[in-house]
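# Geometric and topological summary
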Amino acid sequence: MVIASERAAPAVASPAAKQPAIGRQAVEWRSSAGPIAYPDAVAAMEARVAAIRAGSAPELVWLLEHPPLYTAGTSARAADLIEPGLFPVYRSGRGGQYTYHGPGQRIAYVMLDLRRRGGDIRRYVHTLESWLISALVEFGITGERRSGRVGIWVAGADGSESKIAAIGVRVRQWVSYHGIALNVAPDLAHYRGIVPCGVMGHGVTSLDRLGVKVGMDAVDAALRRAFAANFPFEAAARPSCD
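Now for a description of the structure that goes with this document. (Residues numbered from 1 in each chain as written. Predicted model: local features only at pLDDT ≥ 70, side-chain atom pairs only at ≥ 80, totals over all residues. Heavy atoms only, no water.)

Here helix H2 (residues 121-137) spans 25 Å end to end across 17 residues, near enough to the 24 Å set by a 1.5 Å rise per residue. Taking burial as the measure, the 17 residues of H2 include 12 buried ones, the bulk of the element. For H2, every residue scored as buried is listed here: Ile121, Tyr124, Val125, Thr127, Leu128, Glu129, Ser130, Trp131, Leu132, Ile133, Ala135 and Leu136. A distance of 3.2 Å separates the backbone nitrogen of arginine 122 from a side-chain oxygen at the start of H2, and that oxygen is part of aspartate 120. (Helix = DSSP H or I, 4+ residues; strand = E, 2+ residues; numbered from the N terminus. Expected span 1.5 Å × (residues − 1). Buried < 20%, exposed > 50% of the residue type's maximum accessible area, 1.4 Å probe, protein only. Polar contact = N/O pair within 3.5 Å; in protein donor to acceptor, adjacent residues only side chain to side chain.)

So, on to the pairing of strand S4 (residues 60-64). Counted residue by residue, S4 has five buried out of five residues, so it is predominantly covered. Where burial is concerned, the two faces of S4 agree: the one with Leu60, Trp62 and Leu64 and the one with Val61 and Leu63 are both buried. By the bridge criterion, four bridges tie strand S3 (residues 28-31) to S4 in an arrangement that is parallel. What sits directly across from tryptophan 29, in S4, is valine 61. At this point the chain moves from S3, through helix H1 (residues 38-54), to the parallel S4, and the crossover so formed is right-handed. As paired strands, S4 and strand S8 (residues 105-111) are joined by five bridges and run antiparallel to one another. Across the sheet, residue leucine 63 finds its bridge partner in S8, namely alanine 108. (Pairing = 2+ DSSP bridges. Right-handed = clockwise from strand over helix to strand, strands pointing away.)

The element strand S10 (residues 149-155) is largely enclosed, with a buried count of five among its seven residues. For strand S9 (residues 144-146) and S10, the ladder comprises two bridges, and the chain directions are antiparallel. Its bridge partner lying in S10, arginine 146 is registered against arginine 149. Once S9 ends, the chain turns through two residues before running back antiparallel as S10, passing glycine 148 with a positive phi of about 80°. Sheet topology places S10 next to strand S11 (residues 161-172); four bridges connect them, and they run antiparallel. What sits directly across from tryptophan 153, in S11, is lysine 163. As consecutive antiparallel partners, S10 and S11 are separated by five residues, and within that stretch glycine 159 has a phi angle of approximately 90°, a positive value.

Treat this as a map of the structure, not an account of what it does.
See below:
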């Protein structure tokens, strides 16, 4: 489970879990053109989390890319950074170990008020997985969970398994941030500097590697459709671009 939480009770359920569901409420969607520097993205997420917590801004799904970099989650092990200096490394408050971000990878930072969505962090992470699996179906790809391994996996005909999407979540006062990273057409050689999420003996893959040649607009549309199906009490909102 790749979760880092702050000021949350040890139990999974929130004290607000018994409150009624919020009903149909619009989630803002934002798509950024061009790579966004990682520190800028984190600062923007933290500001939005505070605004959501205060009730002054709606929940947000932010679609973006980063320049090539590695992030180290709260469980990152020094031995899993194989080539220090290959790309910048940022310490991240999200759960998990090392992961790669770069051009050709669709990142979705998901900022939701979990107090109003049942208050169950494990269920939230499970729903993120279901979201990715549903989106991949649109491209003819069968994504799967694996016990003891983080992310979404694709099984090869030869019995091999490769990771196509990563999940890393942070929760601050029951508002989520960070989120998912789906490999669309990144340079997979960039993973050589780390052991992705601490998992040895398995590869990484992408839609492009699997023969699916598709642009980010199509991926974003699939993610939006799948999100609506897996987080059913959101109404679709008109996206904004920056």
